[in-house]
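Descriptive structure summary
These are the residues of each chain, in order.
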Amino acid sequence: MDEKEFRVLIKHYFMKGKTPQETKEKLDKHYGDSAPSIRT
């Protein structure tokens, strides 16, 4: 998945009030190794 597409998902989770850790867990669950790291 393109980096810009991940940014949209991260923004979506942020707007829903999710923490960065919760967002990372969801991305890992659905995209596995292709998900960006927590630092990104």
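Residues numbered from 1 in each chain as written. Predicted model: local features only at pLDDT ≥ 70, side-chain atom pairs only at ≥ 80, totals over all residues. Heavy atoms only, no water.

For the chain, the name recorded in an unreviewed UniProt entry is HTH_48 domain-containing protein, with Rhodnius prolixus as its organism.

**Notes on the environment of Glu25**
Here is the rule we go by: Helix numbering and strand numbering both begin at the N terminus, where a helix is a DSSP run of H or I of at least 4 residues and a strand a DSSP run of E of at least 2. A 1.4 Å probe rolled over the protein chains alone gives each residue an accessible area, and that area as a share of the maximum for its type sets the label: buried under 20%, exposed over 50%, partly exposed in between.
Of note, Glu25 is situated in helix H2 (residues 20-31). Its relative accessible area of 48% is what places Glu25 among the partly exposed residues. Separated by 11 residues in sequence, Glu25 and Pro36 place their C-alpha atoms 11 Å apart.

**Quick look at a positive patch on the surface**
For the record, the criterion: The patches described consist of residues with a relative accessible area above 30% and no salt bridge, like charges being joined within 9 Å and nonpolar side chains (Val, Leu, Ile, Met, Phe, Trp, Tyr) within 5 Å. The protein chains shown are the only cover counted for residues, whose accessible areas, like all others here, come from Shrake-Rupley with a 1.4 Å probe. Salt bridge, as applied in this entry: a Lys or Arg side-chain nitrogen positioned within 4 Å of an Asp or Glu carboxyl oxygen. In this tally Asp and Glu are treated as negative and Lys and Arg as positive; neither His nor the chain ends contributes. Every charge is mapped onto a representative atom, which is NZ of Lys, CZ of Arg, CG of Asp or CD of Glu.
A cluster of basic side chains, namely Lys16, Lys18, Lys26 and Lys29, defines a positive patch on the protein surface. Relative to the assigned elements, Lys29 resides in helix H2. For Lys29, a relative accessible area of 68% gives the class exposed.

**Considerations on the environment of Glu3**
For clarity, the threshold we go by: For this analysis, a polar contact is any N or O atom pair within 3.5 Å, provided that within protein one partner can donate a hydrogen and the other can accept it, and provided that sequence-adjacent residues contribute only side-chain to side-chain pairs.
In this structure, Glu3 sits in helix H1 (residues 3-15). When the C-alpha atoms of Glu3 and Ser34 are compared, they prove to be 10.0 Å apart, with 31 residues separating the residues in sequence. At 2.8 Å, the side chain of Glu3 forms a polar contact with the side chain of Arg7.

**Some remarks on the packing of aromatic side chains**
As a reminder, the rule being used: Pairing of aromatic side chains here covers Phe, Tyr and the six-membered ring of Trp, requires ring centres within 6.5 Å, and sorts the geometry by plane angle: under 30 degrees stacked, over 60 edge-to-face, intermediate tilted.
Here the structure, examined in full by the defined rule, presents one aromatic pair. Judged by centre distance (5.5 Å) and plane angle (85°), the rings of Phe6 and Tyr31 are edge-to-face. Here the residue Phe6 occupies a position in helix H1, and Tyr31 occupies one in helix H2, the gap between them amounting to 25 residues. Phe6 gets classed as buried once you look at its relative accessible area, which sits at 4%.

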